[in-house]
Amino acid sequence: MSTGTSRPALDAPVSQLRVALFATCFNDTMWPETPKATVRLLERLGVTVEFPTEQTCCGQMLTNTGYGRDALPLVRRFVDVFGEYDAVVAPSGSCVGSVREQHPGIAEHASDGALAGRVAEVAPKVYELSEFLVDVLGVVDVGAYFPHRVTYHPTCHSLRMLRVGDRPLRLLRAVRGIDLVELPEAQECCGFGGTFAVKNADVSIAMGSDKARHVVETGAEVLVAGDNSCLAHIGGILGRQRSGVRRMHLAEILASTEEDQS
Amino acid sequence: MTTTPVRPPVPGPLQETAPTFIGMPKFPKGAREALANTQQRRNLRHATHTIRGKRARVVAEVPHWEDLRLAGAAAKDEALHHLADYLVELEASLTANGATVHWARDAAEANAIVLEIVRAKEVDEVVKVKSMVTQEIELNEALEEAGVNAWETDLAELIVQLGHDRPSHILVPAIHRNRSEIREIFLREMAEVGRPAPDDLTDDPARLAEAARLHLREKFLRARVAVSGANFAIADTGTLVVVESEGNGRMCLTLPETLVSVVGIEKVLPTFEDLGPLLQLLPRSSTGERMNPYTTMWSGVHEGDGPQEVHVILLDNGRSHVLGDRLGRQALRCIRCSACLNVCPVYERTGGHAYGSVYPGPIGAVLNPQLRGTASEIDKSLPFASSLCGACFDACPVRINIPELLVELRAQVAEEGGRTAESAAMRATAWLFSDPRRLTAAQKAATLAGRVLGDRTIRSVPGLGAWTNARDIPTPPKESFRQWWARERGSGTERSPR
Ligand code: SF4
């Protein structure tokens, strides 16, 4: 896990950067609104976004379940697909964490020195959305409008692996019309944990239920986070409880404008 | 001492599972039972959150906490990377100080050595300082079998012992008990083994502590042999260190004529100076105090002062096996502070018993399968008893990267498991993602289902009960992102319009 270095700032002006979107397989397949919102948001901020269609998955689920070896081709694919870009942006803290913190180890395990070298080049150019906005674009106010009561859950991998810190909160605070309320015990894990959610379903649900209870306590209409996987888990519990709280990815709120709300 | 280059360690044998834990069910089963115990859950939540808050406060007031962590980890690593040399140095220093050093490969050897010393002293009881390692080797049980009573003198250990219970936390072994339960245990059990609890005992903490003190006092004054562990063993000075809060340790370490200390070989530190960072890290991480009330250090025998016969048993019991693992050996840095337990959201809800060892929580989830291997049901399941949230790594004073080790152990379990339904599913996933065309085809099926389902909520799916028992499942969208991109933007590698 990282000790919290922020990503290096890029020299070239934003309009000249070659920026790729890493949609992530889960968002691509299940939550397309999130990468769509990411594209809308970045284009609104003057970034030209490419979507290299050869991309698939970072292999996180394989690695975390004990099949890191099977993830090796995905690590190769990742550097092949994204190697040529100046920056890669993904609306998922845990997938970025997997690329930056796990890909080097997988290459090393495979004793593939050439691959390890390429990973060392590519991985630091991969940014979680809030990092890219704040550190590379240098913006906090992205011109969003979202007149709702919102509470933010910092997901574990963005918090403790990537150390995004308060970047998402700073971005949210700058959204016009938003009523941002603090989530009690926000830094506690929601209990998703990939296959943990199924292998240790009872503990996972116990954790998720506590998280859902805290969300409901805030009186928020919308729960926001930087990872749709955690949101699917907490949202699944909130949904079963018919709580009426909506789940939304950070990108979707930041992409919202006055026209969307009218 | 000058250090020699790292010798490639020869992995020693695995630890044999202690009798109490043989045949333990896998973690999710134990966890389910623990989750159903709502009183215990309340006790645990209250206790872990209290210690968590205290720890956070005293850690935050140290400006160079990160430097301290690095120094602590470096001292432990230096010792571990040259373990054989420092152990030999420790033995020489201890011997020069008048202590007798014994070597034990495993629990059986260590227990036999203790018993031999106790027999030579012709006693039928010993007093004990709280020690994880003597629990690991089940020394009390071995002594009891030989007709020797081992009295635990730490308050929480006493509660566990009197309650015929098992410890569930490294620092606070009775964390799963609340005050009124403790009162009941004292009233029921104390009379059986010594001074009874007063009839009018209440559940006021001061009254409970007083009852324990009076009960223990006669044992301290009577005992001729004490058994302890050690938090640190200093190679250059031959000094053992015990860190504690209640003063019971100080009594045991100074009053009896004979002192036997069982010390895991990973407890060695190169020099006395290394205590500097570690004695700052340990109490803040452990009890959330700036300094613990009692730190006892003894270097062999001093005439007319303290125990006149000092034995030190250096125990392997699987540790040299862990040392042979390049990545895994960092777990041997553990100073048993229990900070990782207190911040762990899984431990907070399940308690310690589900981990099937005296080492519960995040460190237990790595250390037990490392020490014992991954053959048994419980050890196979422990690396998965974590959501990989990373709170343990952040809290660990010696920077053990527990999530990384868990993932590593998961790979070991998967490899040893051979071909299973899971490995087939994972391979299928890898195959699907190895070619974007396959992913696109799979998405067509998913989005077709999404179009059929429309806005309906999915509440159950056959085979996915573990998910859907308490969670709705997301309905697939009508169109994947890449389908949308192809429709809107044409070929993906073209630059999007400005
Ligand atoms: S692993 Fe670290 S945090 Fe956990 S008990 Fe050991 S030293 Fe303390």
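Bear in mind that the values here come from a model prediction, so they are computed numbers and not experimental data.

Q: Looking at this model, I keep getting lost on the domain arrangement of chain A. Mind explaining?
A: Frequently, the measure chosen for interface size is the accessible area removed from exposure when the parts meet. Residues and elements named next belong to chain A. For chain A, the assigned domains are domain 1 (14-136) and domain 2 (149-261). On a C-alpha basis, the centroid separation for the pair domain 1 and domain 2 is 22 Å. If you look at the interface, domain 1 gives 28 residues, while domain 2 gives 25 residues. Summed over both sides, the interface of domain 1 with domain 2 buries roughly 2100 Å², with 63% coming from carbon and sulfur. Summed over the shared surface of domain 1 and domain 2, the number is 1 salt bridge. Taking the shortest distance from any N to any O, the salt bridge between Asp135 and Arg167 comes out at 3.0 Å. At the level of secondary structure, the elements contributing two or more residues to the side of domain 1 that touches domain 2 comprise helix 1 (25-30), helix 2 (33-44), helix 3 (60-65), helix 5 (93-109) and helix 7 (129-136). The element best represented in the side of domain 1 that touches domain 2 is helix 2, accounting for 7 residues. Looking at the side of domain 1 that touches domain 2 residue by residue, the class counts come to 10 nonpolar, 10 polar and 8 charged.

Q: I would appreciate a short explanation of helix 9 (residues 179-193) of chain B in the present structure.
A: The α-helix advances 3.6 residues per turn, and as a result positions three or four apart in sequence lie on the same side. All names here are of chain B. Here helix 9 contains 15 residues, and its C-alpha end-to-end distance of 21 Å stays within 8% of the 21 Å for a straight helix at 1.5 Å per residue. Maximum bend of helix 9: about 30°, positioned at Leu187. Along helix 9, the residues that are buried comprise Ile182, Ile185, Phe186, Glu189 and Met190. Looking at the buried positions of helix 9, the neighbouring elements they touch are helix 8 (155-162) and helix 10 (205-222). Note on helix 9: the residue one or two positions beyond its end, Gly194, has a positive phi of about 160°.

Q: Help me understand unusual backbone geometry in this model?
A: Only a minority of non-glycine residues have a phi that is not negative, and only a minority of peptide bonds are not trans. Residues and elements named next belong to chain B. One non-glycine residue with positive phi stands out, namely Glu138, at about 50°. The residue Glu138 is located in the loop between helix 6 (132-136) and helix 7 (139-145) in this model. Residue Glu138 is classed as buried on the basis of its relative accessible area of 9%. Positive phi values are uncommon outside glycine, yet Arg336 reaches one of about 55°. By relative accessible area, Arg336 is classed as buried at 12%.

Q: Quick question: what am I supposed to make of the pattern of salt bridges here?
A: Proximity of charged atoms lets side chains of opposite charge pair with each other. Scanning the model with the defined rule gives 53 salt bridges over all chains in all. For B:Glu422, the salt bridge goes to A:Lys199, with nearest N and O atoms at 2.5 Å. Here B:Glu422, found in helix 20 (residues 421-433), pairs with A:Lys199, found in helix 10 (residues 196-199), and the two come from separate chains. According to the relative accessible area criterion, A:Lys199 is partly exposed, its value standing at 29%. Three or more residues are tied together by salt bridges with common partners; here these are A:Glu185, A:Glu188, A:Asp210, A:Arg213, A:Glu217, B:Arg45, B:Arg52, B:Glu348 and B:Arg349.

Q: When you look at the nonpolar core in this model, what are you seeing that I'm missing?
A: Generally speaking, a soluble globular protein has its nonpolar side chains buried in company with each other. By size, the foremost hydrophobic cluster in this structure holds 117 residues, and its most contacted members are B:Phe27, B:Phe186, B:Phe232 and B:Ile363. Setting aside its immediate chain neighbours within four residues, B:Phe232 contacts B:Thr239, B:Leu240, B:Val241, B:Val243, B:Lys267, B:Leu269, B:Leu275, B:Leu278, B:Leu279, B:Leu282 and B:Ile335. In terms of nonpolar packing, the next biggest core, distinct from the first, is built from 40 residues, A:Leu41, A:Leu137, A:Ala144 and A:Leu172 among them.

Q: Just checking my understanding: could you explain the interface of chain A and chain B for this structure?
A: Contacts between the two partners involve 72 residues from chain A, matched on the other side by 74 residues from chain B. Taking both partners together, chain A and chain B bury about 6300 Å²; carbon and sulfur atoms supply 56% of that area. Inspection of the chain A/chain B interface yields 13 salt bridges. Measuring nitrogen to oxygen at the nearest pair gives 3.8 Å for the salt bridge that ties A:Glu188 to B:Arg349. Here chain A is connected to chain B by 29 residue pairs in polar contact (both at pLDDT 80 or more). A per-class count over the side of chain A that touches chain B returns 31 nonpolar, 22 polar and 19 charged.

Q: Explain the confidence of the model for chain B here, please?
A: The predicted structure's coordinates, where accompanied by low pLDDT, should not be read in detail. Residues and elements named next belong to chain B. Averaged over all residues, the pLDDT of chain B is 93; the fraction at 70 or higher stands at 96%. Segment residues 1-9 is flagged for pLDDT under 50; beyond a separation of four residues in sequence, or across chains, it makes 16 contacts in the model. The low-confidence segment residues 494-498 (pLDDT under 50) makes 16 contacts with residues lying over four places distant or belonging to another chain. Note on the complex model: pTM 0.93, ipTM 0.94.

The rules behind each value
Residues numbered from 1 in each chain as written. Chains lettered and ligands numbered in written order. Predicted model: local features only at pLDDT ≥ 70, side-chain atom pairs only at ≥ 80, totals over all residues. Heavy atoms only, no water. Domains from an automatic or database assignment. Contact = heavy atoms within 4.5 Å. Buried area = accessible area lost by both parts, 1.4 Å probe. Salt bridge = Lys/Arg side-chain N within 4 Å of Asp/Glu carboxyl O. Helix = DSSP H or I, 4+ residues; strand = E, 2+ residues; numbered from the N terminus. Nonpolar A, V, L, I, M, F, W, Y, C, P; charged D, E, K, R; others polar. Expected span 1.5 Å × (residues − 1). Bend = angle between axes of the 7 residues up to and from the residue. Buried < 20%, exposed > 50% of the residue type's maximum accessible area, 1.4 Å probe, protein only. Core = buried A, V, L, I, M, F, W, Y, C linked by side-chain atoms within 4.5 Å. Polar contact = N/O pair within 3.5 Å; in protein donor to acceptor, adjacent residues only side chain to side chain. pLDDT = per-residue confidence, 0-100.

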